[in-house]
Amino acid sequence: MTQLSLQHVIKRYGSYTASDDVSFEIPKGKIFGLLGPNGAGKTTLIRMITRILYPDSGTILFDGELLCDKHTERIGYMPEERGLYKKMKVGEHLIYLARLKGLSLAEAKEKVNYWLNRLEVTDWYLKHIEELSKGMSQKIQFIATVLHDPELLILDEPFSGLDPINSKLIEEEINRLSEQEKTIIFSTHRMEQVEEICDDIVLVNKGRKILEGEIKELKQRFKENKFRVSYRGELSDGVLDKLHVLSQAEGSVVVQFSEEHHGNDLLKLFIEQEVEVTAFNEILPSINEIFIRQVEQS
Amino acid sequence: MNKIWIIIQREYITRVRKKSFLLITLLAPLGFLLLTLFSVLISSYSQDKTDVAIIDESGLFSDTPIPDAEDETVYFHKISDNYEKLSAELAKKDDKQPKYEAIIYIPKNFDLNSPNKPGIAYRYVKRPGLSKRSFINQRMTDALQKLRMSLLHINEQQIEDMQQKVTLNFESLNNEKEKQGYADAAALVGMVMGFAIYISLFLYGTMIMKGVMEEKTNRIVEVLTSSVKPFQMLMGKILGVGAVGLTQFVLWILLMFGVNLISGAIFGIALSHPASGMGQLQNSGVEPDDILAITQNISSLPILQIVILFPLYFLGGFFLYGSLFAAVGAAMGEDGDQQSLMIPITIPIIIAIMIAINVINNPDSALGFWGSIIPFTSPIVMSALLPFRPEWWQIALSLVLLIGGFLLTTYVAAKVYRAGILMYGKKIKLKEIIRWIFSKS
């Protein structure tokens, strides 16, 4: 099942093309990473999905239907640049935002209480927004995004400004929502978070999609046959000469193989050397490495 | 529609419950009261007394009275001192309180037939103000006139008879209600209405603009635009602030009634005191009789028309300019440093009030006609014109154009607003705004 499908989406600002024929699909219930360097066109894509902007051409389908304004009530968006009315109180502010998403006053109140309770911040209800710290208002932002129980959540840098404890809390909430079959678009620069959280990613640069796929599959696709062997004992001289050694340290060596070789070949070599192999693993590229390489190439 | 209503509620409630709202609402009439009190006080104390010595060497004026000022500001003293001696005495700077502040010196060879050659000198210690100078000049001219007439053997009574003035009764032929003094009443009411719109456009226009800037600066727009259309946000804000303005006006009118009672009592005392209240009224050129005529004529103004049309022009003007102020707020940089963007909307408002001031003296002028037709000036100019009973087709045309005008500005403003609110970090140039206006949505 596809939650969201972008087909040949183009958006131009004057002569500048912010989104150049971008197509990808987001399956239901997955956590989807939308990645790209600054100015790559991520925000433009998100704004088109949230109906803030309209594509010049191409189509966006939401749950199989052509995306239109009524769908915005089924989307929760937490922008990277976010803010709240400083003079309002936490409770009334959340109720206001929930009502703008189509909830009735009673529903809004109920949801606000539920979420304040859930994130253990019930006593903030009557606090003014301006009294909150950055991390605190971040939590309120998160609640505002999920209050109306959206099917699709768009989180742009949701962890920025959060301390490790609150980061953990939000991450748990994200995972919990994912278990509830919510689809989540996750946009960030922090690649270690992407690997930790996302199932699929799409990488954009200069308005174009340059990479798309499942994280596991991508790591396989971009692997470079690198292996690390840790061992005890002495290798005889010249053994490593035939290999492409990337780095070597006391009792450990990183080797790159050509395509036709196999991890077992390397292991065999070490076993024949009569040294004790303590660890043997393939080094897969991190998403960060893939990201940098792809951006540089594009 | 429902969402606009939710936005209106927030805009309204958050503003009305602010302490500053309460403070301004309460203090403005109080300020008004203080201002009236202050001006009465100033007029009674600032008009200091001037003693003028008259040394008449020619002896011509000895039998002609030169009366003191009615408002107790100038006193004339005919004395027979030596001119040179007295002027030397007065010229001494160390004298803090001289006997006389000035000397009118009429030379020995003063000739009634050529009163400026040799002329009468006015030598002062303290420089007289403009109004005092013209008052003294007038008194001397009057005295001269009387003197010459008496030389022609015309007696006091005859002089008075000769000087009687006539006041024409200006009354309309085709409208029996326009009695004498009607134009004054109409001008007063028209000006009050014109100014009410003028002030509220600036007051609530800036309120809208600041609201938009605040939303842009603290980035709440990012969150809001994913829930509501920019047009809904724009409308919600304008209507919400409009409701705040309405509340404030109603409160002010109620408070003014209260203040009026108090200041009326004070004014009553002031009026019975010729030195202060009367003097002030005379200075402004309004005779007490005129005030009576104005109050009597207010009831004969086209009240029904005014009651229906004035709110329409008020709303029309508010919507027309409110959306433009919102657009400027959206286009303004986060630090609000591009005040120049306000010029295109403040200039027409100022022009409108200038036309309105002109129109109340010249209700049938071409300037007034065009001012009352063009939507950018019509709310203020037409409001000032309403008491003068403009033609019905003129009102109809003006209203149609005003509605068209505000639809157009709202359309244009919505485009600028839409593009502007999500644009930060860079200065927005006028060229760019024009591009937004003409871009497809």
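Per-chain numbering applies: the sequence of each chain, read as written, is numbered from 1 onward. For naming, the first written chain is A and the first written ligand is 1, with later ones following in the order written. It should be noted that, the model being predicted, local features are given only for residues of pLDDT at least 70 and side-chain atom pairs only at 80 or more, the latter also being counted only at that level, while totals for whole chains, interfaces and linings use all residues. Only hydrogens and water are set aside; all other atoms, that is, all heavy atoms of the structure, feed into the side-chain values.

### Digging into the overall build of chain A
Strands here are runs of E lasting at least two residues and helices are runs of H or I lasting at least four, both read from the DSSP assignment and numbered beginning at the N terminus. When you go through chain A residue by residue, the secondary structure sums to nine helices and 14 strands. The globule rule used for comparison is 2.2 Å times the number of residues to the exponent 0.38, while the radius of gyration itself is calculated over C-alpha atoms. For 298 residues, the compact-globule estimate of 2.2 N^0.38 gives 19 Å, and chain A exceeds it by more than 25% at 24 Å. Overall size of chain A, expressed as C-alpha extent along the three principal axes, is 80 × 45 × 35 Å. Buried means the residue's accessible area, taken with a 1.4 Å probe over protein chains only, is under 20% of the maximum for its type, while exposed means over 50%, and partly exposed covers the values in between. By residue count, 51% of the 298 residues in chain A fall in the buried class. What makes two residues a contact is simply this: any of their non-hydrogen atoms within 4.5 Å. Put simply, 68% of the contacts in chain A that link residues at least 6 apart link residues at least 24 apart. As displayed, chain A has an accessible area near 14,200 Å², and 47% of this comes from carbon and sulfur atoms. For accessible areas, the Shrake-Rupley method is used with a probe of radius 1.4 Å. Any residue's cover is judged against the shown protein chains and nothing else.

### Here's the deal with the overall build of chain B
Along chain B, the regular secondary structure elements total 16 helices and four strands. When burial is assessed residue by residue, chain B has 45% of its 441 residues classed as buried. Here the analysis covers contacts within chain B between residues at least 6 apart in sequence; of these, 75% occur between residues at least 24 apart. Total accessible area on chain B stands at roughly 24,700 Å², and carbon and sulfur atoms take up 64% of it.

### A word on unusual backbone geometry
All names here are of chain A. Backbone geometry at Glu157 places phi at a positive 50°, although glycine is not the residue there. Following the sequence through the fold, Glu157 ends up in the loop between β7 (152-156) and α5 (164-179). By relative accessible area, Glu157 is classed as buried at 9%. In this structure, Glu181 takes a positive phi of about 70° despite not being glycine.

### Let's talk about empty space enclosed by the protein
A 1.4 Å probe that fits but cannot get out identifies a cavity on a 1 Å grid over protein atoms alone, an open set with protein on both sides within 12 Å along at least five of seven lines counts as a pocket, and a residue lines either if it has an atom within 4 Å of a point. Grid points are joined across faces, edges and corners, and a volume is the space filled by probe spheres set on the points. Under the criterion given, the structure shown has three cavities of 30 Å³ or more. The computed volume of the largest cavity comes to approximately 70 Å³. Three classes are used: nonpolar for Ala, Val, Leu, Ile, Met, Phe, Trp, Tyr, Cys and Pro, charged for Asp, Glu, Lys and Arg, and polar for all others, with Gly counted as polar. The class makeup of the residues in the lining of the largest cavity is four nonpolar, four polar and one charged.

### Focus: the sheet that holds strand β1 (residues 2-13) of chain A
Residues and elements named next belong to chain A. Strand pairing follows a simple DSSP-based rule, namely that at least 2 bridges must link the two strands. The strand order across the open sheet formed by four strands is β2-β1-β4-β5, and the pairing between neighbours is antiparallel. Looking at the sheet topology across the chains shown, the edges are occupied by β2 (16-27) and β5 (65-66). Inspection of the sheet shows strand β4 (residues 57-62) paired to β5 by two bridges, in the antiparallel sense. Its bridge partner being in β5, Leu61 is matched across the sheet by Leu66.

### A few points about the nonpolar core
One recurring pattern in soluble globular proteins: nonpolar side chains tend to sit buried together. Take the buried residues of types Ala, Val, Leu, Ile, Met, Phe, Trp, Tyr and Cys, join any two whose side-chain atoms come within 4.5 Å, and each joined set is a nonpolar core. Core analysis: the largest hydrophobic core is formed by 158 residues, its most contacted members being Leu4(A), Leu94(A), Tyr96(A), Phe142(A), Ile174(A), Leu224(B) and Ile380(B). If one sorts the elements of this core by residue count, helix α11 (residues 303-331) of chain B sits on top with 16 residues. Those residues within four positions of Leu4(A) in sequence are excluded, and the remaining contacts are Phe24(A), Glu25(A), Ile26(A), Ile49(A), Ile60(A), Leu61(A), Phe62(A), Leu152(A) and Ile185(A).

### With respect to the packing of aromatic side chains
Centre distance within 6.5 Å is the pairing criterion for rings of Phe, Tyr and Trp, where only the six-membered ring of Trp is used; planes under 30 degrees apart are then read as stacked, over 60 as edge-to-face, and the remainder as tilted. Throughout the structure, instances matching the rule amount to 21 aromatic pairs over all chains. Measuring from centroid to centroid gives 5.9 Å for Phe369(B) and Trp393(B), while their planes differ by 55°, and the two rings are tilted. Of this pair, Phe369(B) sits in helix α13 (residues 366-373) while Trp393(B) sits in helix α15 (residues 392-421), placing them 24 residues apart in sequence. Taking relative accessible area as the criterion, Trp393(B) reaches 41% and is therefore assigned partly exposed. Among the aromatic residues, those joined into a ring-pair cluster are Tyr204(B), Phe249(B), Trp252(B), Phe310(B) and Phe314(B). Over a ring means this: the NZ of a Lys or the CZ of an Arg is within 6 Å of the ring centre and within 35 degrees of the ring normal. Directly above the ring of Tyr85(A) sits Arg10(B), whose terminal nitrogen or CZ lies 3.4 Å from the centroid. Its guanidinium or amino end placed over the ring of Tyr96(A), Arg10(B) lies 5.6 Å from that ring's centre, counting from NZ or CZ.

### So, the interface of chain A and chain B
With 28 residues of chain A in contact, the opposing surface of chain B contributes 25 residues. The term buried area refers to how much accessible surface (probe radius 1.4 Å) is lost by two components on association, counted for both of them together. A buried area of about 2,500 Å², summed over both sides, lies between chain A and chain B, and 54% of it is on carbon and sulfur atoms. What counts as a salt bridge is simple: a side-chain nitrogen of Lys or Arg found within 4 Å of a carboxyl oxygen of Asp or Glu. In this structure, the connection of chain A to chain B is made through five salt bridges. Glu81(A) is paired through a salt bridge with Arg219(B); the nearest N and O atoms lie 2.9 Å apart.

### Focus on the layout of surface pockets
Taken as a whole, the second largest pocket holds about 1,500 Å³ of empty space. Lining the second largest pocket are 43 residues, and of these Tyr13(A), Thr44(A), Arg47(A), Leu53(A) and Met423(B) lie nearest its centre. When contributions to the lining of the second largest pocket are tallied by element, the ones reaching two or more residues are β1, β2 and α1 (42-49) of chain A together with α15 and α16 (430-438) of chain B. A total of four residues in the lining of the second largest pocket trace back to one element, the largest contributor, which is α1(A). For the lining of the second largest pocket, the class distribution of residues is 16 nonpolar, 11 polar and 16 charged.

### Regarding the sheet that holds strand β3 (residues 31-35) of chain A
All names here are of chain A. Spatially, β6-β7-β8-β3-β9-β10 is the arrangement adopted by the six strands of the open sheet, whose pairing is mixed. Sheet topology places β6 (75-78) and β10 (208-214) at the edges, where each strand pairs with a single neighbour. On average, each strand axis in the sheet is inclined to that of its neighbour by 15°, with strand direction left out of account. Sitting on the sheet, helix α4 (residues 134-146) touches β6 and β7, and the angle it makes with β6 is about 160°. To get an axis, a line is fitted to the C-alpha atoms, and for a helix only the part in contact is used. The angle between two axes follows their N-to-C directions and goes from 0 to 180 degrees.

### Here's the deal with a negative patch on the surface
Residue and element names in this part refer to chain A. A patch consists of residues whose relative accessible area exceeds 30% and which take part in no salt bridge; residues with like charges are grouped when within 9 Å of each other, and nonpolar side chains (Val, Leu, Ile, Met, Phe, Trp, Tyr) when within 5 Å. Positive: Lys, Arg. Negative: Asp, Glu. His and the chain ends are not part of the count. Working definition for charges: the position is that of NZ of Lys, CZ of Arg, CG of Asp or CD of Glu. Taken together, the side chains of Glu234, Asp237, Asp241 and Glu250 make up a negatively charged region of the molecular surface. Relative to the helices and strands, Asp237 resides in the loop between β11 (226-232) and β12 (244-249). Given a relative accessible area of 79%, Asp237 falls into the exposed group.

### Considerations on the packing of helix α6 (residues 182-217) of chain B against helix α12 (residues 343-359) of chain B
To describe two helices that pack against each other, one gives the angle between their axes and the distance between the axes. Residue and element names in this part refer to chain B. Interaxial distance between α6 and α12 falls to 10 Å at its minimum, and their mutual angle equals 170°. In terms of orientation, α6 lies roughly antiparallel with respect to α12. Contact residues: α6 offers Met191, Gly194, Phe195, Tyr198, Leu201 and Phe202, while α12 offers Thr346, Ile349, Ile350, Ile353, Ala356 and Ile357. The residue makeup of the contact of α6 with α12, split by class, is 10 nonpolar, two polar and no charged. The scheme is simple: roughly parallel for angles under 35 degrees, roughly antiparallel for over 145, roughly perpendicular for 65 to 115, oblique for anything else.

### Topic: the domain arrangement of chain A
Residues and elements named next belong to chain A. According to the domain assignment, chain A consists of domain 1 (2-214) and domain 2 (222-297). Boundaries between domains were set according to an automatic or database domain assignment. Using only C-alpha atoms to locate each centre, domain 1 and domain 2 end up separated by 41 Å. Tallying the contact residues gives 11 residues for domain 1 and eight residues for domain 2. For the pairing of domain 1 and domain 2, the buried interface totals around 780 Å² over both sides, and the portion due to carbon and sulfur atoms is 82%. Of all residues in domain 1, Met191, Glu195 and Leu211 give up the largest surface area on contact with domain 2, accounting jointly for 52% of the area buried on that side. In this structure, the connection of domain 1 to domain 2 is made through zero salt bridges. Whenever a nitrogen or oxygen atom comes within 3.5 Å of another N or O atom, the pair is scored as a polar contact, on the condition that within protein one atom can donate a hydrogen and the other can accept it, and that pairs from neighbouring residues in sequence are kept only if both atoms are in side chains. In this structure, the connection of domain 1 to domain 2 is made through one residue pair in polar contact (both at pLDDT 80 or more). Mapped by element, the contributors of at least two residues to the side of domain 1 that touches domain 2 are α6 (191-197), β9 (200-205) and β10. Here the residues of the side of domain 1 that touches domain 2 sort into eight nonpolar, two polar and one charged.

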